[in-house]
Amino acid sequence: MQRVMIVDDEYMILKGMTKVVDWTALGFTIVQTARNGWQALETAREQSIDLVITDVRMPEMTGIELMQHLQQLPHPPVVLVLSGYQEFDYVKAALRLGAMDYLLKPVSATELTTILTKVKQRLDERQQQQATQHYYVEMQTERLVAGDLTAGQTAQLLTSAGIPTDQHEFTMVCCNVVPAMPPLMAACDAQGQRLYYPSADQLVICFAGTHILLNQFIRQLEADQLITGTAFITVGQRVNQLSRLSESLEQAQTLAELYQFYEEKAPFLSGSARTEWLRQAEIPKVSLDEFKQALALGNQALMTKLVQAIFAELITEHVVPSYARQVAFLILNAISNYQSFSNQAYEAQLNAIDEAPTMAVLETCLTTLIADYEPKQQYVFSQNINRVVDIVAKEYAHDLSLTQVAERLHLNPVYLGQLFKKEVHTSFSKYLNQYRIDQAKSMLARTDESINNIALAIGYTNSGYFYKNFRVICDISPKEYRQQHQRRPV
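You'll find the chain entered in an unreviewed UniProt entry as Response regulator, with Lactiplantibacillus songbeiensis given as the organism. Under the UniProt heading Subcellular location (unreviewed entry), the entry covering the chain gives this text: "Cytoplasm".

Colleague: How should the UniProt feature "domain: HTH araC/xylS-type" (unreviewed entry) in the chain be read in this particular structure?
Modeller: As recorded in UniProt, the sites labelled "domain: HTH araC/xylS-type" (unreviewed entry) are residues 386–484. Helix makes up 75% of residues 386–484 and strand 0%. Its end C-alpha atoms lie 34 Å apart.

Colleague: Could you clarify how one ought to interpret the packing of aromatic side chains in this entry?
Modeller: The geometry of an aromatic ring pair is captured by two quantities: the separation of the ring centres and the angle between the planes. Considering all chains together, one arrives at 10 aromatic pairs under this definition. Note on Phe420 and Phe428: the rings are 5.9 Å apart at their centroids and 75 degrees apart in plane angle, and the pair reads as edge-to-face. Across the pair, exposure class does not vary: Phe420 and Phe428 are buried alike. Through a chain of ring-to-ring contacts, the aromatic side chains of Tyr396, Phe420, Phe428, Tyr431 and Tyr435 assemble into a single cluster. Over the aromatic face of Tyr460 sits the side chain of Arg436, whose NZ or CZ is 5.8 Å from the ring centroid.

Colleague: What's the story with helix α7 (residues 181–190) in this structure? I'm lost.
Modeller: Given 3.6 residues per helical turn, the α-helix brings residues three or four places apart onto the same face. Turning to α7, its buried residues number three or more, namely Met181, Leu184, Met185, Ala187, Cys188 and Asp189. As for α7, its buried residues are in contact with α5 (109–145), β6 (170–176), β7 (196–199), β8 (202–208) and α8 (211–223). Just past α7, the residue Gly192 takes up positive phi, approximately 75 degrees.

Colleague: Teacher, can you tell me more about unusual backbone geometry here?
Modeller: Excluding glycine, most residues fall at negative phi; most peptide bonds, likewise, are trans. Residue Pro106 is bonded to the preceding Lys105 through a cis peptide linkage, with omega at -10 degrees. Secondary-structure assignment places Pro106 in the loop between β5 (101–104) and α5. Although it is not a glycine, Glu60 sits at a positive phi angle of roughly 75 degrees. Along the chain, the position of Glu60 falls in the loop between β3 (51–55) and α3 (63–70).

About the cut-offs
Residues numbered from 1 in each chain as written. Predicted model: local features only at pLDDT ≥ 70, side-chain atom pairs only at ≥ 80, totals over all residues. Heavy atoms only, no water. UniProt positions renumbered as here; feature names shortened; annotations may be inferred. Helix = DSSP H or I, 4+ residues; strand = E, 2+ residues; numbered from the N terminus. Phe/Tyr/Trp six-rings, centres within 6.5 Å; stacked < 30°, edge-to-face > 60°. Buried < 20%, exposed > 50% of the residue type's maximum accessible area, 1.4 Å probe, protein only. Lys NZ or Arg CZ within 6 Å of the ring centre and 35° of its normal. Contact = heavy atoms within 4.5 Å.

See below:
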């Protein structure tokens, strides 16, 4: 049913309009009547209205002025205007502003039925377009986070979502155990946060904006009772590159696992503990990028140094204990990707983090863990993932995407992406990017080929994008890497 509001300062007109036709049979339901424009505008701001039928001449706020305000709403309703025979100048103004049609008083049932039939058709078409657009944005947002969009597709998505091109701050937010998605999605839309997609009982949001705006956004969701009961929010680190969204999401989802772990041990979904947990949105996230690079290299001395630097920063920020434990858990989780733990040993590490009475003890738990670090044996992948890895090794220089590979293997791309992440501990796009950069490093060290040609040879059609990715992964430019590592070919 399409939702209707009728606005007129004359009570008898309002009453008559509700009875002149069978609204339900025509696909409409009258959800509100209003005696003036201000009351109507307040209603339209608070609830979804599809059609407004308004008198053009009313005291305090005319129907024309009401239309001007309604056009500023995120989803403006269709408007029909009511007028008398002497008010055609108002009608013309309303039509210029976008009113779909007008009705002369007293309203004819036949005329109203004819117009409502046209309105219903337009609303149905508009809702279908909105649903298609909504699905497009959801689907492309998931691909954006996975790093599976081209620069052109990314720009088109941001435009569709109303995100300014000069926006450089993004944070992945997970709304977990959500009982009802539509109200939460509507709240995101209302706040201009349209980059999101549902996943089971979780709504994944790519929040565009500053740290302060993120904090306000989360507080508003709580205030509106959209995050309540068993629902909870986890927040990843803020990033300034869209290519790093997957890292932020991984952190937010890992924190969700930690939250649920604590909840199973000692429920704290209400009261001060829940409030303290939600304060994570107020704290700038610690980046573990350098630590993960040192971990991949097995550099225990550097790992220890970086953990000490991280905790020095946490102490400086005066973070709450729950957040410090979150960081410690993320470090443990990163190490567990490279070192095998028995269930008992992993539980013991979690308990040590949970029970650490001070920051110093918490830091010692991690430095001791690093001192005992023993990388696990190379993991044997499943048949499907072995085939993906083999395709990357043979075709990394060509245009490759997870969707293309999934089609060749006759698999669902979302399923394949989840399976790849589970087994390889990184996304397909990050794995492909790392593989290409590794090939570039080898070519930089062994050949005198130009850097632009090397970029083309490993699959980058945009040399600027190659330079950017190389520096992100290696922390130096391709030229600097060549100067440090080049060996003359024999």
